[in-house]
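Inside the fold
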Amino acid sequence: MSPDLFSPPVSPLVSGLNPEQAAAVTLPAEHALILAGAGSGKTRVLTTRIAWLLQTGQVGPGGVMAVTFTNKAAREMTTRLSAMLPVNVRGMWIGTFHGLCNRLLRAHHQAAALPATFQILDTQDQLSAIKRLCKQHNVDDERFPPKELQWFIAGAKEEGLRARDVPARDEETRRKVELYALYDEQCQREGVVDFGELMLRSYELLRDNDALREHYQRRFRHVLIDEFQDTNKLQYAWLKLFAPPPLEGLGTGTGAVFAVGDDDQSIYAFRGARVGNMADFVREYRVRHQIKLEQNYRSVSNILDAANHLIGHNQRRLGKNLRTDAGAGEPVRVNEAVSDFAEAQWLVEEIKALVREEVPRSEIAVLYRSNAQSRVVETALFNAGLPYRVYGGLRFFERAEIKHALAYLRLIENPRDDTSFLRVVNFPPRGIGARSIEQLQDVARAAGCSLHDAVSAVTGRAGVAIGGFVAKMDVMRERSEGASLKDIIELVLEHSGLIEHYRQEREGQERVENLEELVNAAESFVMQEGFGRDAAALTQSPASQGLDPNAPPLAVPIADPAPDADTGETLSPLAAFLSHAALESGDNQAHAGQDAVQLMTVHAAKGLEFDCVFITGLEEGLFPHENAMSDRDGLEEERRLMYVAITRARKRLYLSHSQTRLLHGQTRYNLKSRFFDELPEHCLKWLTPPQAQGWGGMGSAGWGGHRAMGARSEPQPAWSPGWKAASAPAPEPDRGTAIKAGMAVFHNKFGEGKVLAVEGAGDDARAQVSFNRHGTKWLALSVAKLTPIE
DNA sequence: CAAAACGAATTTTTT
DNA sequence: ATTCGTTTTG
């Protein structure tokens, strides 16, 4: 089993790798599972594997397929690969699941029963399509909230289930299934596909089309998958069609699957990911090569010890322990704060100290379990004048003004796209009201055609107004013919009236800038994708085919004339750009580039690393989250999440929790997270919070003082959020007997307890008190006698 | 048609 | 609290 037997004597590619990495890279062309721990050089192994396969002549670029989850990961792989080898990366299928599905469906749109110009619905579009459908079928949105239906449909597709395949035991499910079927019909009619459909449709395409499937099975000698622990049922089934396991009836089964993953970093079960796919893969593919990458190149051993010890508390693991050659490093610092404000203030002081030690701000990350927690931290950082950047939130292509512009562009491509039609038929406002639109929808429904095609049949004023819109669209479509992408977009921005509309809007300046940015985005897209010189791009494909001894020209007659067509090369620039916009929603971090402290959820931090990491809000109910604490699987996923958080840190790790926290407008009292008990004492250093003096007193006073000094007079930096009045507890005039959250109180009957929250005022005021012996109760302050105690 | 007012929801998220 | 979406109101 020594991989050295198979590898060529000296390959410079392999020389810098540790033995396990080198072994993984040089495995023979057989199925393999690489268990890659955090910081173990996973991406490096993946890319070097591809480079090694190509360099040793085992496969040509056309015979490689590499699948990732995010565009970022796909880009990184492509970039690193082309840095390693002078290879034509375009000949390879490297991309996200959805990107590759799109490519496949574009190339075989006919076989997949899709129009050549099919458009992709993102989550927003999907929801509005569902809402529209529900309205049309008079669905009671109390009983069937559109969001729930969306979840139901997306969930079913991720399981690989069509409406007819979903088991419906009760009446409610039957109705949902019915709506699922109607939704799919609507999408088909309109020529649009949602994200789940991209996967499911291409899965079915290959499953049902023997010639096509066998063609791709012959072509892809090596199929590599990143983050395998995050695959859902359908994605695994999809992979199996490209490279079937032995004895699985569906093909010749000769492509080798190289799966890389880490069960300890599986944090997406809530959206359908199945860690179990790893074990299934080993069994079904009779995997003989399993390699663990346990050498960690990221963190000092105190941090790694903490991570290993914590994750050791999970029952269901494949088993892995990270090790490092780095020294112990600093201990993991633990802080307990009185309030979330005090926690944020502590954070600021520590960050300032780090910055004084010349740690770049961008090497400092503040992680939290849920987005709601970012606010306090933001306010504190803002008041301290520390630049920061929040990940998450609206991405470029999700902004309303951009979606509007894209809707016009999509209508140029595909007039049947009713979702886009409805989005912009009256935007900017052009006097087409709800009644006119309903009239149009009635006609379209009766005729079974798209809104666009129904226009001519609408009479009266409504007909004229909407007719004007359609005529406008037709003009734009005509003028776009043969124009460059840039010209098309500028034409649309002008002709639609979008730019004009936002120019006149008071707060529209930023939106106008974004629209102008859209033109830039399109231009750089054209550059990157090598459009503009279509001829040059086209010559690449045959050339790369020629280099590939394992991908012979098609011998089997296939309905589609160009089964290998790379969509990027045959699609019009506009069509390609629209796909790009739907599949890659752009940066979700505000204002990149500046040296700023990084704020994000733990989920968003996966795959990133920083010198210094703060994990905040480590409290029972928050982290682990209350919704996940009930069952073991949920709790284990929370623990993996904590594991991911810890392993983001290279040199310094800070953990903090707070006794009280303002959440949903009320103060909650939280116990410290059980995860603290699962960390080894020897690598921790408990800090005594300087401001911890009693309940809330100094915490808010110190905070208030800071605020009073006021960053308000300072110029508002570009990176800052809009200023919101700090929600710090106002130093209320002391009424002596006032019961406040966090207080320790005494009750004649229930004894001692702590006030969790206070609601209402005057005679209606109630307090939630957690009694030491009698549980948690709500008490009306006008009735119950609560005495504050020391 | 737009602004104001009300009400419900509020773990994590990529494509 | 606060945000977001729907309904009501001018």
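The name recorded for chain A in an unreviewed UniProt entry is DNA 3'-5' helicase, from Hydrogenophaga crocea. As its UniProt record puts it under Sequence similarities (unreviewed entry), chain A is described as follows: "Belongs to the helicase family. UvrD subfamily."

Taken together, 26 residues sit near DNA strand B, with Asn71, Thr123, Arg369, Asn371 and Thr601 positioned nearest. Asn71 has a polar backbone atom sitting 2.8 Å from a phosphate oxygen of DNA strand B. Separating a base oxygen of DNA strand B from a side-chain N or O atom of His98 is a distance of 3.4 Å. The residue makeup of the surface near DNA strand B, split by class, is seven nonpolar, 16 polar and three charged.

What follows deals with the sheet that holds strand E6 (residues 222-225). A sheet is described by the order of its strands in space; here six strands give the open sequence E3-E2-E6-E7-E1-E8, paired in parallel fashion. Whereas interior strands pair on both sides, the edge strands pair on one side only; in this sheet they are strand E3 (93-96) and strand E8 (289-293). Direction aside, neighbouring strands of the sheet carry axes that sit 10 degrees apart on average. Taken strand by strand, helix H4 (residues 71-84) contacts strand E2 (64-68) and E3, and its axis lies near 150 degrees from that of E3.

What follows deals with the packing of aromatic side chains. Applying the stated criterion across every chain yields a total of 23 aromatic pairs. On the numbers, 5.9 Å between centres and 80 degrees between planes, the contact of Phe228 with Tyr236 is edge-to-face. As far as the burial class goes, Phe228 and Tyr236 line up, both buried. Connected via pairs of aromatic rings, a cluster forms that spans Phe69, Trp93, Phe97, Tyr216, Phe220, Trp238 and Phe242.

Here Phe427 and Pro428 are connected by a cis peptide whose omega angle stands at -5 degrees. Counting through the fold element by element, Pro428 comes out in the loop between helix H17 (418-424) and helix H18 (434-447). With an omega of 10 degrees, the peptide bond between Phe623 and Pro624 qualifies as cis. Assignment of secondary structure puts Pro624 in the loop between strand E13 (610-615) and helix H28 (632-646). One non-glycine residue, Ala113, adopts positive backbone phi at about 60 degrees. With respect to the element layout, Ala113 can be found in the loop between helix H5 (97-107) and strand E4 (119-121). Overall, Ala113 belongs to the partly exposed group, its relative accessible area being 47%. For Arg286, which is not glycine, the phi dihedral falls at a positive 45 degrees.

Assigned domains within chain A: domain 1 (19-111 + 199-295), domain 2 (138-190), domain 3 (332-395 + 589-686), domain 4 (397-540 + 569-585) and domain 5 (743-788). With eight residues of domain 1 at the interface, the matching set in domain 2 holds eight residues. Carbon and sulfur atoms supply 40% of the area that domain 1 and domain 2 bury against each other, a total of about 710 Å² over both sides. Of all residues in domain 1, Leu200, Arg201 and Lys233 give up the largest surface area on contact with domain 2, accounting jointly for 52% of the area buried on that side. At the junction of domain 1 with domain 2, the criterion picks out one salt bridge. The partner of Arg162 in a salt bridge is Glu204, and the shortest N-O contact between them spans 2.9 Å. Counting across the domain 1 and domain 2 interface gives three residue pairs in polar contact (both at pLDDT 80 or more). Among the elements of the structure, helix H9 (195-208) and helix H11 (233-242) are those that each provide at least two residues to the side of domain 1 that touches domain 2. Considering every element that reaches the side of domain 1 that touches domain 2, the biggest residue donor is H9, with three residues. Split into classes, the residues belonging to the side of domain 1 that touches domain 2 amount to two nonpolar, two polar and four charged.

Turning our eyes to something else, we now look at the protein's contact with DNA strand C. Taken together, Lys131, Arg375, His664 and Gly665 form the complete shell of residues around DNA strand C. Between a phosphate oxygen of DNA strand C and a side-chain N or O atom of Arg375, the distance comes to 3.3 Å. Considered class by class, the residues forming the surface near DNA strand C number no nonpolar, two polar and two charged.

The buried fraction of helix H13 (residues 301-311) is high, at nine of eleven residues. If you check which residues of H13 are buried, you get Ser301, Asn302, Ile303, Leu304, Ala306, Ala307, Asn308, Leu310 and Ile311. Buried residues along H13 sit in contact with strand E9 (332-339), H28 and strand E14 (649-663).

Thresholds, definitions, all that
- Residues numbered from 1 in each chain as written.
- Chains lettered and ligands numbered in written order.
- Predicted model: local features only at pLDDT ≥ 70, side-chain atom pairs only at ≥ 80, totals over all residues.
- Heavy atoms only, no water.
- UniProt positions renumbered as here; feature names shortened; annotations may be inferred.
- Near = heavy atom within 4 Å.
- Polar contact = N/O pair within 3.5 Å; in protein donor to acceptor, adjacent residues only side chain to side chain.
- Nonpolar A, V, L, I, M, F, W, Y, C, P; charged D, E, K, R; others polar.
- Pairing = 2+ DSSP bridges.
- Helix = DSSP H or I, 4+ residues; strand = E, 2+ residues; numbered from the N terminus.
- Axes fitted to C-alpha atoms, helices over the stretch in contact; angles between N-to-C directions.
- Contact = heavy atoms within 4.5 Å.
- Phe/Tyr/Trp six-rings, centres within 6.5 Å; stacked < 30°, edge-to-face > 60°.
- Buried < 20%, exposed > 50% of the residue type's maximum accessible area, 1.4 Å probe, protein only.
- Domains from an automatic or database assignment.
- Buried area = accessible area lost by both parts, 1.4 Å probe.
- Salt bridge = Lys/Arg side-chain N within 4 Å of Asp/Glu carboxyl O.

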